[in-house]
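In case you want the letters, here they are:
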Amino acid sequence: GYIMISSLVSCPNSGLEELCLVCNGSFGGKINDEIVIAFASALQNNNSLRKLDFCSSSRRVTKRAWDTLANVLCNSTSVETMHASNHALQNLGIVWDYHEGVVAHLKLNQNEVKADVSRKKILQYHFSNGEDNVLELVKLEKKILPFAIAWICRDVDGLSLLYRVCRTIPSLFENIALVAMAKKQKCC
């Protein structure tokens, strides 16, 4: 039934954009944790499915299954896993009150520019956990760091992180200020 269909969704080359699961009990029965988790697993490799309608019978799905789906939409283990998360799925059909994380990720995914979706997820979930994650920027190569900072402050969403970077690692900017002052003195 539904588990077999989920395996088709896992194909990275799938062009399927919408899938509505009929919940009349004749095909695959009621939607449950096993089915939601199977589709969540399939969505890890899928970049085309925008709408997956689990239909109204998915009220039987528990927090465990919704947590699994939320993790696929935004795996906050690392920057790399967040970037590789599913940024395509935008809609689960009807309005749900199931899981705040799933709802938030689906809303973010509605942005058509997927690089921005990835960036917002990284800013919201990776760098929102305090100074430890900000300190990861110190580990970057010096030639990459300016690009990372430009990426952070590309729009208003990154400004609070930029402030935290300045407060946490002021030495990054002291060196920049010294170089700028030295260049100014050479010019005059």
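For the structure itself, consult the block above.
Heads up: these notes are all about the structure in this document. Everything numeric in this text was worked out from a predicted model, so none of it was measured.

Rules and cut-offs
Residues numbered from 1 in each chain as written. Predicted model: local features only at pLDDT ≥ 70, side-chain atom pairs only at ≥ 80, totals over all residues. Heavy atoms only, no water. Helix = DSSP H or I, 4+ residues; strand = E, 2+ residues; numbered from the N terminus. Buried < 20%, exposed > 50% of the residue type's maximum accessible area, 1.4 Å probe, protein only. Contact = heavy atoms within 4.5 Å. Areas by Shrake-Rupley, 256 points an atom, 1.4 Å probe, with all protein chains shown as cover. Core = buried A, V, L, I, M, F, W, Y, C linked by side-chain atoms within 4.5 Å. Polar contact = N/O pair within 3.5 Å; in protein donor to acceptor, adjacent residues only side chain to side chain. Salt bridge = Lys/Arg side-chain N within 4 Å of Asp/Glu carboxyl O. Phe/Tyr/Trp six-rings, centres within 6.5 Å; stacked < 30°, edge-to-face > 60°. Lys NZ or Arg CZ within 6 Å of the ring centre and 35° of its normal. Axes fitted to C-alpha atoms, helices over the stretch in contact; angles between N-to-C directions. Parallel < 35°, antiparallel > 145°, perpendicular 65-115°, else oblique. Left-handed = near helix turned anticlockwise from the far one by under 90°. Nonpolar A, V, L, I, M, F, W, Y, C, P; charged D, E, K, R; others polar.

1. Here we look at the overall build of the chain
- Within the chain, the secondary structure is distributed over 10 helices and 2 strands.
- For the chain, the sequential pattern of α-helices and β-strands runs α-β-α-β-α-α-α-α-α-α-α-α.
- Within the chain, the fraction of its 188 residues that count as buried is 39%.
- In the chain, 68% of the contacts between residues at least 6 apart in sequence involve partners at least 24 apart.
- In the structure as shown, the chain presents an accessible area of about 11100 Å², 57% of it carried by carbon and sulfur atoms.

2. Side note on the nonpolar core
- Ile31, Phe39, Leu52, Phe54, Leu69 and Leu92 are the most contacted members of the largest nonpolar core, which totals 26 residues.
- Contributing elements (two or more residues each) for this core: α1 (2-9), α2 (33-43), α3 (63-73) and α5 (100-109).
- Counting 16 residues, the second largest nonpolar core, distinct from the first, contains Val134, Leu145, Leu161 and Leu172.

3. Topic: the side chain of Ser48
- Along the polypeptide, Ser48 turns up in the loop between α2 and β2 (51-53).
- Among the polar contacts listed, one links the side chain of Ser48 to the backbone oxygen of Leu16, at a separation of 3.0 Å.
- Among residues more than four places away in sequence, those in contact with Ser48 are Ser14, Gly15, Leu16, Glu17 and Ala88.

4. Here we look at the pattern of salt bridges
- By the definition in use, this model includes 6 salt bridges.
- Here Asp116 ties to Arg154 by a salt bridge, and the two come within 3.6 Å at their closest N and O atoms. Taken as a pair, Asp116 in helix α6 (residues 114-126) and Arg154 in the loop between α8 (145-152) and α9 (159-168) lie far apart in primary sequence, 38 residues in all.
- Lys120 is the salt-bridge partner of Asp157, the closest N and O atoms lying 2.2 Å from each other.

5. A few points about the packing of aromatic side chains
- Enumeration according to the criterion identifies 2 aromatic pairs in this entry.
- Here the aromatic rings of Phe39 and Phe54 are separated by 6.0 Å at their centres, their planes lie at 80 degrees, and the arrangement is edge-to-face. In this pair, Phe39 is assigned in helix α2 and Phe54 in the loop between β2 and α3, connecting sequence segments 15 residues apart.
- Residue Phe54 is classed as buried on the basis of its relative accessible area of 1%.
- Centroid distance Phe54 to Trp66: 6.2 Å. Interplanar angle 70 degrees. Geometry classified as edge-to-face. You can see Phe54 sitting in the loop between β2 and α3 and its partner Trp66 sitting in helix α3, a full 12 residues away along the chain.
- Clustering of aromatic rings is evident, with ring pairs tying together Phe39, Phe54 and Trp66.
- Sitting over the ring of Trp151, Arg119 keeps its end group 5.6 Å from the ring centre.

6. Thoughts on the packing of α3 against α5
- Relative to each other, α3 and α5 sit at 30 degrees, their axes nearing to 9 Å. The angle between α3 and α5 falls in the class roughly parallel. As for how α3 packs across α5, the hand of that crossing is left-handed. Contacts from Trp66, Leu69, Ala70 and Leu73 of α3 reach α5 at Gly101, Val102, His105, Leu106 and Asn109.
- Taken together, the residues that form the contact of α3 with α5 break down as 6 nonpolar, 3 polar and no charged.

7. Topic: the environment of Ala88
- Within the secondary structure layout, Ala88 lies in the loop between α4 (79-83) and α5.
- According to the relative accessible area criterion, Ala88 is buried, its value standing at 6%.
- Spatially, the C-alpha atoms of Ala88 and Lys51 are 8.7 Å apart, while their sequence positions differ by 37 residues.
- Here Ala88 is in contact with Asn47, Ser48, Leu49, Arg50, Asn109 and Lys114, once residues within four sequence places are set aside.

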